Amino acid sequence: MGRYRPNKKKAQKKNQAASFTVLELDRIKTYLFEYREGCHQYHDSNYTAHVSALKNSSNSTDLILGATILFPALTYHIVSQPYLALSKELSNIQRKQIHEICTKLDLYHETSKVVLEERQTIKQLVISIYHDGFDSVIMPSITTKQQQQHWYRPWYCRHSTRNNPSSHVEAHRKLRALLDQPSTCLRETLDSFDYQKWQDFDLSHIPPPTDASASPWMYVETLEQLNQCRHELLTTAKITELAFDLEFWNPSKHLGRTCLLQLSSNAGKSYVIDVLQPDVWDHLGDALRDFFENPHIVKIGHSISGDIACLHRDFGIHVLNAFDTYEAASVLQTGPGNLAALCSHYGVCSSRYADLKAQYQTSDWRQRPLSAEQIEYGRYDVHYLIALRMLLIRDLTKHDLWFNENSKQESQNVAVALRDTLRSIQLAEGDVDDEFDESCNYPMVNIESNLSLSSSDDEEDLEDFHTPPLQDD
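Residues numbered from 1 in each chain as written. Predicted model: local features only at pLDDT ≥ 70, side-chain atom pairs only at ≥ 80, totals over all residues. Heavy atoms only, no water.

A. The nonpolar core, seen in detail. Counting residues in each nonpolar core, the largest one holds 37 residues, and the members touching the most others are Leu203 and Leu388. Those elements giving two or more residues to this core turn out to be strand S9 (255-265), strand S11 (298-301), helix H11 (325-332), helix H12 (339-345), helix H13 (352-360), helix H14 (372-383) and helix H15 (385-397). Of all the elements, H15 adds the most residues to this core, at nine residues. Once you skip the residues sitting within four places of it in the chain, Leu203 turns out to touch Cys343, Tyr346, Gly347, Val348, Tyr384, Ala387, Leu388 and Leu391. Counting residues in each nonpolar core, the second largest holds 28 residues, with Leu246, Phe291, Phe292 and Leu311 among its members. (Core = buried A, V, L, I, M, F, W, Y, C linked by side-chain atoms within 4.5 Å. Buried < 20%, exposed > 50% of the residue type's maximum accessible area, 1.4 Å probe, protein only. Helix = DSSP H or I, 4+ residues; strand = E, 2+ residues; numbered from the N terminus. Contact = heavy atoms within 4.5 Å.)

Spelled out as structure tokens, the structure:
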């Protein structure tokens, strides 16, 4: 079945005609700056000290742009309100332009959308200096089917890259280049990997989170508990690995909210953080930003692109140095991409995790209180991630040729090529056959000292040393 495709050229011309000019954007920026300063004056002092200044300000009259777009005068009544509601006549692209200005002026900004019975919609851009200024937003007193709110922190604007696709593509290319590759997923001076330890290890050695012998955990729902979580992460044994996962309410790609954050560190303790508690929501960014932005701590998650976006949108947190178990499993082609299936592939025998995921993954995580099973599911999401990373690294870095008997011929071909190259160099220098064993025609190489490979037989032949073949371009 075909689908309607609008005329892009006509749509572009319409959008260009509806956008603000550079001069108009400068006037709006000045207007919003004075609104912010007026709100701060009202918040820091009383009316009598500043009422005359507000009455005599340059914005004591309405700002009118175009024929119908009106910005209300910045009177005492306006700046004393918890939010500033702008004209409903703004077009989509004009609202986007104002959202961009708000990010630069550190203003909270929101688009409220009301769907009428006649399938018409009303959208209104609302601005505030207060993080809770939108709690009392009132739309027109009309019968509606639904109301949606697109809520933004001051630092976040969803459409910041839409107007420049080339820069967005370039940024995406650079981010892809930073993904861990099999040859670089171990960090020098930070990671050590004992193949003997992990060779036969699987996740069945780790008790489930509800087991009595499992690592301790803590439910965080107050500011005091959040501060305790931060203190423990700072003062316990040096944190080098931090597993994380988010549960969020995400009814559409344009609307979402983080509802739960789970953490687990290599120090052995896990945390389930109820971010919807007011004190926790307001202070979570300051409490945990240092850990997420520390490049010496590897952050481990499964399919983390959405989680990273939510951390930035809701808490202003950037994630540096991350290992995505989903991406690693995709390279190894381990099967289904969900985390429960991956854990099962690496030895988790119980179906409890898979059952919880099927029941609660798409539930409404805004509902409170959380059930015991929801919290258990949240703990499962980070319980195995640290060990799972090591198992994936084991399989990513272990070249099949070192353990595959069928690779001997390829290894011999490389050894013969190496022998011929060394012989030609020595012939050119007049130093012939001093370092060659004529009985086997292989270079006499001290494998143990040069390649750091132990051998119980000092006369081990090179045919037991497997050299990875060159990869075709």
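Now that the structure has been shown, we can carry on.
B. Spatial organisation of the environment of Asn92. In this fold, Asn92 is placed in helix H5 (residues 92-105). A relative accessible area of 44% means that Asn92 is categorised as partly exposed. With 74 residues separating them along the chain, Asn92 and Ala18 place their C-alpha atoms 8.5 Å apart. For Asn92, the side chain forms a polar contact with the side chain of Arg95, separated by 2.2 Å. (Polar contact = N/O pair within 3.5 Å; in protein donor to acceptor, adjacent residues only side chain to side chain.)

C. Structural context of the packing of aromatic side chains. Enumeration over the complete set of coordinates arrives at nine aromatic pairs. Relative to Phe201, the ring of Trp198 lies with its centre 4.9 Å away and its plane at 70°, an arrangement referred to as edge-to-face. The pair formed by Trp198 and Phe201 is uniform in burial state, with each residue classed as buried. Between the aromatic rings of Tyr353 and Tyr380, the centroid separation amounts to 5.0 Å while the plane-to-plane angle is 10°, which identifies the pairing as stacked. With a gap of 27 residues between them, Tyr353 in helix H13 and Tyr380 in helix H14 connect regions that are remote in the sequence. Owing to a relative accessible area of 2%, Tyr353 belongs among the buried residues under this scheme. The class of Tyr380 is buried, set by a relative accessible area of 3%. (Phe/Tyr/Trp six-rings, centres within 6.5 Å; stacked < 30°, edge-to-face > 60°.)

D. Spotlight on the state of the cysteines. Tallying each qualifying case throughout the model produces zero disulfides. Between Cys259, a free cysteine, and Cys310, which holds the nearest cysteine sulfur, the sulfur-to-sulfur gap is 9.1 Å. (Disulfide = S-S within 2.5 Å.)

E. Representation of H13. Those residues of H13 that fall on the buried side of the exposure criterion are Tyr353, Leu356, Lys357 and Tyr360. Viewed end-on, H13 has its buried residues packed into an arc of 100°, placing them on one side of the element. Each element contacted by the buried residues of H13 is listed here: H12 and H14. (Arc of directions from axis to C-beta.)

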